[in-house]
Amino acid sequence: MVRYIAAAAAAFLLLLPACEIDHGLGTIESRISGRVVFLHPELKPARVDAVRVVAVVNFPPQGLGDLVFTNTSINLSQPAPAYSLPAPLATYALVGAIYREKGREWDYSNILGFYGANPDSNIYSVEEVILSKEHPVAEGIDIYCDWAMVSRVGR
């Protein structure tokens, strides 16, 4: 009986490496990171509740499948908080920050700033971000957000 159990255990251990085990979705190793730089913080409207970073494959997005976004809001109490956005390998046409007004749903047209733009130096150039197998992490993707632009748009 002991020999039978030992033989069965040995066979199981020999066959184990041939088995494929599904570990679920796992984590995304590719990501976009940088800082959200808030310009003119004294002009932040009280109606703004939260800010998130989004990356879109097509701009404007055709649906939710075209975008990824941070699952937590950006810290609005800091002048240049860091962000890290897990994102699948793709070419992103636009990486930006959007804001939500208090008591409202997220509106992806509420763009606060985007990568490539710097309102202080009047540079407005949309820069794409590419995540590939060779370069799965894009760092230093800073997004400049000018509160003066939001405060001018009264709602």
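All of the points below concern the structure found in this document. Quantities reported herein were computed from a predicted structural model and do not represent experimental measurements.

We now examine the side chain of Asp146. Here Asp146 lies in strand S12 (residues 143–146). A relative accessible area of 7% places Asp146 in the buried class. A polar contact of 2.7 Å, which involves the side chain of Asp146, links it to the side chain of His40. From its side chain, Asp146 meets the backbone nitrogen of Ala148 in a polar contact 3.0 Å long. If near-sequence neighbours (up to four positions away) are discounted, Asp146 is found in contact with Leu39, His40, Leu112 and Pro119.

Attention now goes to the environment of Gly96. Among the secondary structure elements, Gly96 is positioned in strand S6 (residues 94–101). Take Gly96: its relative accessible area is 2%, and that puts it in the buried class. Expressed as a C-alpha distance, the spacing of Gly96 and Ile143, which sit 47 residues apart in the sequence, is 6.4 Å.

Positive phi, normally seen in glycine, also occurs at His40, with a value near 55 degrees. For His40, the location among the structural elements is in the loop between strand S1 (31–39) and strand S2 (48–56).

Further remarks concern the environment of Asp120. Within the secondary structure, Asp120 is located in the loop between strand S8 (117–118) and strand S9 (123–124). Classification of Asp120 as exposed rests on a relative accessible area of 52%. Setting aside chain neighbours within four positions, we find Asp120 in contact with Leu39 and His40.

For the rest of this paragraph, the subject is a nonpolar patch on the surface. On the surface, Leu64, Phe69 and Tyr108 cluster together into a nonpolar patch covering about 290 Å² of accessible area. Residue Leu64 is classed as exposed on the basis of its relative accessible area, which comes to 63%.

We now examine the pairing of S6. Most of S6 is tucked away: 7 of the 8 residues are buried. Across 8 bridges, S2 lies against S6 in antiparallel orientation. In the sheet register, Val54 faces S6, and the bridge partner there is Gly96. Sheet topology note: the S6/strand S7 (residues 111–114) ladder contains 3 bridges and is antiparallel. Following the sheet pairing, Gly96 is matched in S7 by Phe114.

The rules behind these values
Residues numbered from 1 in each chain as written. Predicted model: local features only at pLDDT ≥ 70, side-chain atom pairs only at ≥ 80, totals over all residues. Heavy atoms only, no water. Helix = DSSP H or I, 4+ residues; strand = E, 2+ residues; numbered from the N terminus. Buried < 20%, exposed > 50% of the residue type's maximum accessible area, 1.4 Å probe, protein only. Polar contact = N/O pair within 3.5 Å; in protein donor to acceptor, adjacent residues only side chain to side chain. Contact = heavy atoms within 4.5 Å. Patch = residues over 30% accessible without salt bridge, like charges linked within 9 Å, V, L, I, M, F, W, Y side chains within 5 Å. Areas by Shrake-Rupley, 256 points an atom, 1.4 Å probe, with all protein chains shown as cover. Salt bridge = Lys/Arg side-chain N within 4 Å of Asp/Glu carboxyl O. Pairing = 2+ DSSP bridges.

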